[in-house]
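The chain contents come next:
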Amino acid sequence: MVQFEQTFRNFIMRHQENYNRSYHFLILMDAIITAATRIELYYRTGALKDNLGASGSTNVHGEKVLQMDEIAHNIVVHYLNSSERVIQAVSEESEEIITMNKDGGRYFVYFDPLDGSSNVAHGLPVGFMFGIAKRNFEGNIQGPEDFHLRAGNEFIASGMFVIPTGMFTLALHDAGCWRFHADETNTYVKPTRIMLPEDTKKWELSFNSANTYTFGDNVQEWIRENEKKFTFRYLGALAGDFHRLLTNGGMFMYPAIVNHPDEKKNRPQGKLRLMYEASVVAMMCKEAGGAAVNEEGDSILDINPEKHHQRTTLYVGSKPMIEDITKILKK
Ligand code: FDP
């Protein structure tokens, strides 16, 4: 039997048409899809072609750069640049903001080209995550360089590819969270709207439990009181863990590390990056009916970044669960 699946391309063109929007976003999304497809290609053959190891350099965050980090970063930069629609991009793999089409660009793109580095050596799921904000053409702001620091609630779209699974999830501002699957021709098809399940029996908890003793006393107490109610799952790559969460509900968290016996290892600001990790999943979660807050219990989407590589703590997932932990965080 022939199956007539709607393609991502058709879906997104219809979306722009329905909302009376320009074709520029289509060109940008085409670049993002092309980049993801290319990254996936290199990742799938990574072990075979000896591309899954370290590159030998260290990034600005003091972390070892992997060959795949460099490959994925270069691919994304190339296709974003050639779309001519991007004014500036922020990549986890570049200390500096990457200026592209300074005069004609319409969008800011914030991305982590390969999230979940501990999975790379094993070829296990990683993510290409991105958020998109629009240039303020009316601009009461000084110049392009000055207004790339946008809160998640100003993103027009955010999404992630879970590589190499061929699954892509995209949130569109006030228009839902959607999942697509790559078919045999590497075409993303079959838009399916994602809503977090209300059935608490399905809900899961996801965090690095080895860190529990380093969390704040309030968070440790919440874990003691609640952990037995839920199944526990942790893959160690935000995109993969969050992908599960969108289907099963529950909560993913990366709390502040404040009680580490070696004080130097404390991370009161959290580990994850606000602009290309936390805000990206927070927007997807909001569009799927969920919520996301930081250690202070404030909405992730309302945080105005002060710098492009800013870190944040993150609690993201089903609304009732986030409301519950927010009460503890706000105490
Ligand atoms: P990684 O350090 O392996 O690149 O921010 C990156 C990230 O992975 C997330 O993808 C993941 O959720 C988290 O960090 C894992 O951190 P831990 O190893 O501390 O659990």
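Calculation notes
Residues numbered from 1 in each chain as written. Predicted model: local features only at pLDDT ≥ 70, side-chain atom pairs only at ≥ 80, totals over all residues. Heavy atoms only, no water. Pairing = 2+ DSSP bridges. Helix = DSSP H or I, 4+ residues; strand = E, 2+ residues; numbered from the N terminus. Buried < 20%, exposed > 50% of the residue type's maximum accessible area, 1.4 Å probe, protein only. Contact = heavy atoms within 4.5 Å. Axes fitted to C-alpha atoms, helices over the stretch in contact; angles between N-to-C directions. Parallel < 35°, antiparallel > 145°, perpendicular 65-115°, else oblique. Left-handed = near helix turned anticlockwise from the far one by under 90°. Nonpolar A, V, L, I, M, F, W, Y, C, P; charged D, E, K, R; others polar. Near = heavy atom within 4 Å. Polar contact = N/O pair within 3.5 Å; in protein donor to acceptor, adjacent residues only side chain to side chain. Areas by Shrake-Rupley, 256 points an atom, 1.4 Å probe, with all protein chains shown as cover.

Undergrad: Quick question: what am I supposed to make of the sheet that holds strand β9 (residues 177–182) here?
TA: Whenever strands of a sheet pair, they do so through backbone hydrogen bonds, lying parallel or antiparallel. What the 8 strands build is an open sheet, ordered β4-β3-β5-β6-β7-β8-β9-β10; its pairing is mixed. Sheet topology places β4 (98–99) and β10 (188–193) at the edges, where each strand pairs with a single neighbour. Sheet topology places strand β5 (residues 107–115) next to strand β6 (residues 126–134); 7 bridges connect them, and they run antiparallel. Residue pairing in the sheet places aspartate 115 in a bridge with glycine 127 of β6.

Undergrad: In this structure, what is going on with the pairing of strand β1 (residues 54–58)? I would like to understand it.
TA: Two faces, one strand: in a regular strand the side chains alternate between the faces of the sheet. Across the 5 residues that make up β1, only a small minority, 0, are buried. Where β1 and strand β2 (residues 64–66) come together, 2 bridges link them in antiparallel fashion. What sits directly across from alanine 54, in β2, is leucine 66. Linking two consecutive strands that pair antiparallel, namely β1 and β2, is a turn of 5 residues; a positive phi of about 80° is found at glycine 62 within it.

Undergrad: Is there a simple way to explain the sheet that holds strand β13 (residues 250–254) in this structure?
TA: In spatial order, the strands read β12-β11-β13-β17-β15; together these 5 strands make up an open sheet with mixed pairing. Looking at strand neighbours, the two that pair on one side only are β12 (231–232) and β15 (291–293), the edges of this open sheet. Sheet topology note: the β13/strand β17 (residues 314–317) ladder contains 4 bridges and is antiparallel. Its bridge partner lying in β17, phenylalanine 252 is registered against valine 316. On the sheet, helix α5 (residues 238–248) packs against β11 (204–206), β13 and β17 and is oriented at approximately 160° with respect to β13.

Undergrad: Is there a simple way to think about the packing of α5 against helix α6 (residues 274–287) in this case?
TA: How two helices pack is summed up by the angle between their axes together with the distance between the axes. The interhelical angle for the contact between α5 and α6, taken along N-to-C directions, is 15°, at an axis separation of 11 Å. One way to sum up the angle between α5 and α6 is to call them roughly parallel. Once α5 is placed against α6, the crossing between them reads as right-handed. Facing α5, whose interface residues are Leu238, Phe242 and Leu246, α6 presents Glu277, Val281, Met284 and Cys285. Classifying every residue of the contact of α5 with α6 gives 6 nonpolar, no polar and 1 charged.

Undergrad: I'm lost on the site of the ligand in this one. Help?
TA: Close to the ligand lie 14 residues; Asp115, Asn208, Tyr234, Tyr254 and Lys271 are nearest. The contact in question runs from an oxygen atom of the ligand to an N or O atom on the backbone of glycine 116, over 3.4 Å. Tyrosine 234 places a polar side-chain atom, nitrogen or oxygen, 2.5 Å from an oxygen atom of the ligand. Here the ligand, which alone exposes 460 Å², has 83% of that area covered by the protein. Looking at the shell around the ligand residue by residue, the class counts come to 6 nonpolar, 5 polar and 3 charged.

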